[in-house]
Amino acid sequence: MGLIVVSNREPYAPHSREDGGLDWVPSIGGLTAALDPALQHAGGTWIAWGEAHPDVAEVQLPQHDPRYCLQRLRLSDAEVRDFYHGFSNRALWPMSHYFIERTRYDASAWQTYVAVNRRFAEATVTAYREGDTIWVHDYQLALVPRMIREMLPGASIGFFWHIPWPSTEVFRTLPWDRELLDGMLGADLIGMHTHDYVRYFQAACRRALDADTDEGTVYWQGRTSRVVARPIGIEVDAYEELSSRPDVEDEADRIRRTVQTQILLGVDRLDYTKGIPERLEAFDAYLDRHPEARGKVTLVQIAVPSREQVDSYRQLRARVEGLVGRINGKHTHSGWSPIQYIYRGVGREELVAHYRAADVMLVTPLRDGLNLVAKEFTACSRDGALILSRFAGAADEMREALQVNPYNPGGLAEALQVALNMPLEEKKARLHRLRERLHASDLRSWADEFVEEIRTP
Ligand code: GDG
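Rules used throughout
Residues numbered from 1 in each chain as written. Predicted model: local features only at pLDDT ≥ 70, side-chain atom pairs only at ≥ 80, totals over all residues. Pairing = 2+ DSSP bridges. Helix = DSSP H or I, 4+ residues; strand = E, 2+ residues; numbered from the N terminus. Axes fitted to C-alpha atoms, helices over the stretch in contact; angles between N-to-C directions. Contact = placed C-beta atoms within 7 Å. Parallel < 35°, antiparallel > 145°, perpendicular 65-115°, else oblique. Left-handed = near helix turned anticlockwise from the far one by under 90°. Buried ≥ 20, exposed ≤ 12 C-beta atoms within 10 Å, placed from the backbone. Core = buried A, V, L, I, M, F, W, Y, C linked by C-beta atoms within 7 Å. Expected span 1.5 Å × (residues − 1). Arc of directions from axis to C-beta. Right-handed = clockwise from strand over helix to strand, strands pointing away.

Some remarks on the sheet that holds strand β5 (residues 58-61)
With mixed pairing, the 10 strands of this open sheet are ordered in space as β5-β6-β4-β1-β7-β8-β9-β12-β11-β10. Two strands close off the open sheet at either side, each with one partner strand: β5 and β10 (212-214). Recorded for the sheet is a direction-independent mean angle of 20° between the axes of neighbouring strands. Across 5 bridges, strand β7 (residues 133-137) lies against strand β8 (residues 156-160) in parallel orientation. Opposite W135, over in β8, you have G158 as the bridge partner. Against the sheet, helix α4 (residues 144-151) makes contact with β1 (3-6), β7 and β8, and its axis sits at roughly 175° relative to β8, the strand it touches most.

So this is what it looks like as structure tokens:
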């Protein structure tokens, strides 16, 4: 009895070597970082879109110690445009994050979304063996559970929605609200990160489908789907170990020596949901209010390029870079600049060294399904402080973080002042309590327990 994971993004992407071979390099992103260890543990099949080198249909992964088979779907340019950039990232992503004004509800993009979901479902049914457990992931593939169910009525199917589930008034702006819900309800078990998302999802089922619901259950067309809040965890032990490795400690020291001041850190995909401009403006306000902090604190912002084909992401990049220039231009003096802006992904060791070097971690999304960066920093930091948006799903579990409203620059600037001056003992005590909870529910247990729950009716 194996596991079949189905997701849009693949866990490793092929990079050409000089000798003509391919290196399979881990993809950057929350979902794949979470599921690769889970599937390495369970063994089975991962079905995903093969973006680069689409001619490679199948590969055993990880490259040097194969544990599972990656089956890669080849999508045409038109499919990528309409299914991925068009419907997933211009309709479902902004809608779920409450950015209705950024949505584009395009009927032909929707048709392609349906068609591509069907291709993923068909590939899953082909890979399926009696007794397998199927786990479908995220908003790009919401129709897949129903499509598989029609072909395999008896299969155990789970679905996890990794992004926020919005309140019903927002969800109802989607012209295909009924179809999307019906698609998800093909699963036996539907997981989300918070209880609020679960409540909103059930409310949507009642309102749009007129389905019956009770505690954690939706009844629809003679079937029952359980809906549960299961916030994802991280590989805490691995992060703890990596962050105290001598070479990573050295790298953290090097970062501290280079920056020479206290370090505020931001690490995000460059996405309008992550609140990067608002964070930069709050830092500007902080420096205005606290002239004594000039020359003593630096914001290091790692912005990982993302979805550059979508207009609003290109505009965001221009806005962020404009702000960095303006704020640096305004405050720079005697060799100190307030913001160091890194526009690229960094390696995992370098990322962890930054977590380790930071005095204050700024995780201030305007809306976020959960946010793994907040948890990773908590696992890696020795005595840093975490500032966390109340609109990140992780805020439910991370009460000891300094919680802020990212829409309020004054409040964020105040939290910066508190964090930068927090007594060492208090920072350590907060981290300790947060870390205990990370251990109690880590990535392995999240994945194992979810798979177990799919299997247990
Ligand atoms: C979606 C939901 C939910 C980032 N920069 C680098 C790098 N990363 C890694 C982090 C972390 C992951 O990417 C980002 O995860 P997040 O959770 O912050 O955000 P999304 O990518 O938007 O993920 C989110 C998640 O799914 C899981 O359910 O939490 O709400 O939006 O693991 O470490 N990794 C490396 N270099 C970087 O520069 N190596």
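Having seen it, we continue.
Structural notes on the packing of helix α8 (residues 236-243) against helix α13 (residues 372-380)
At a closest axis distance of 8 Å, the pairing of α8 and α13 adopts a crossing angle of 50°. When the axis of α8 is compared with that of α13, the two are oblique. Read as a crossing pair, α8 and α13 show a hand that is right-handed. When α8 is examined against α13, the residues V236, Y239, E240 and S243 are found in contact with a partner set consisting of E376, A379 and C380.

A closer look at the environment of P457
Its place among the elements puts P457 in the segment after α16 (443-455). The exposure class assigned to P457 is exposed, which follows from the 9 C-beta atoms found within 10 Å.

Brief notes about the nonpolar core
Looking at soluble globular proteins, one finds that nonpolar side chains tend to be buried together. In this structure, A374, I387 and L388 are the most contacted members of the largest nonpolar core, which totals 139 residues. Take this core: its biggest share by element is 7 residues, from helix α2 (residues 77-96). Beyond its immediate chain neighbours, meaning those up to four positions away, I387 contacts V360, M361, L362, V363, T364, A401, L402, V404, A415 and A419.

Regarding helix α15 (residues 424-440)
Over its 17 residues, α15 runs 25 Å from end to end, which matches the ideal 24 Å to within 8%, given 1.5 Å per residue. Residues of α15 that are buried include every one of R430, L431, L434 and L438, and no others. With its buried residues spanning 95° around the axis, α15 presents them on a single face. In α15, the exposed residues that point more than 90 degrees away from the buried face are E425, A429, H432, E436 and A440. Buried residues along α15 sit against α8 and α13.

Here we look at the pairing of strand β14 (residues 297-304)
Among the 8 residues of β14, 7 are classified as buried, and the element is accordingly described as predominantly covered. With respect to chirality, the unit in which strand β13 (residues 262-269) leads through helix α10 (residues 276-289) into the neighbouring parallel β14 is right-handed. Here β14 runs beside strand β15 (residues 339-342); their pairing, made up of 4 bridges, is parallel. The partner of L299 across the bridge, within β15, is I339. After leaving β14, the chain enters helix α11 (residues 311-331) and then returns to the sheet as β15, a path that is right-handed.

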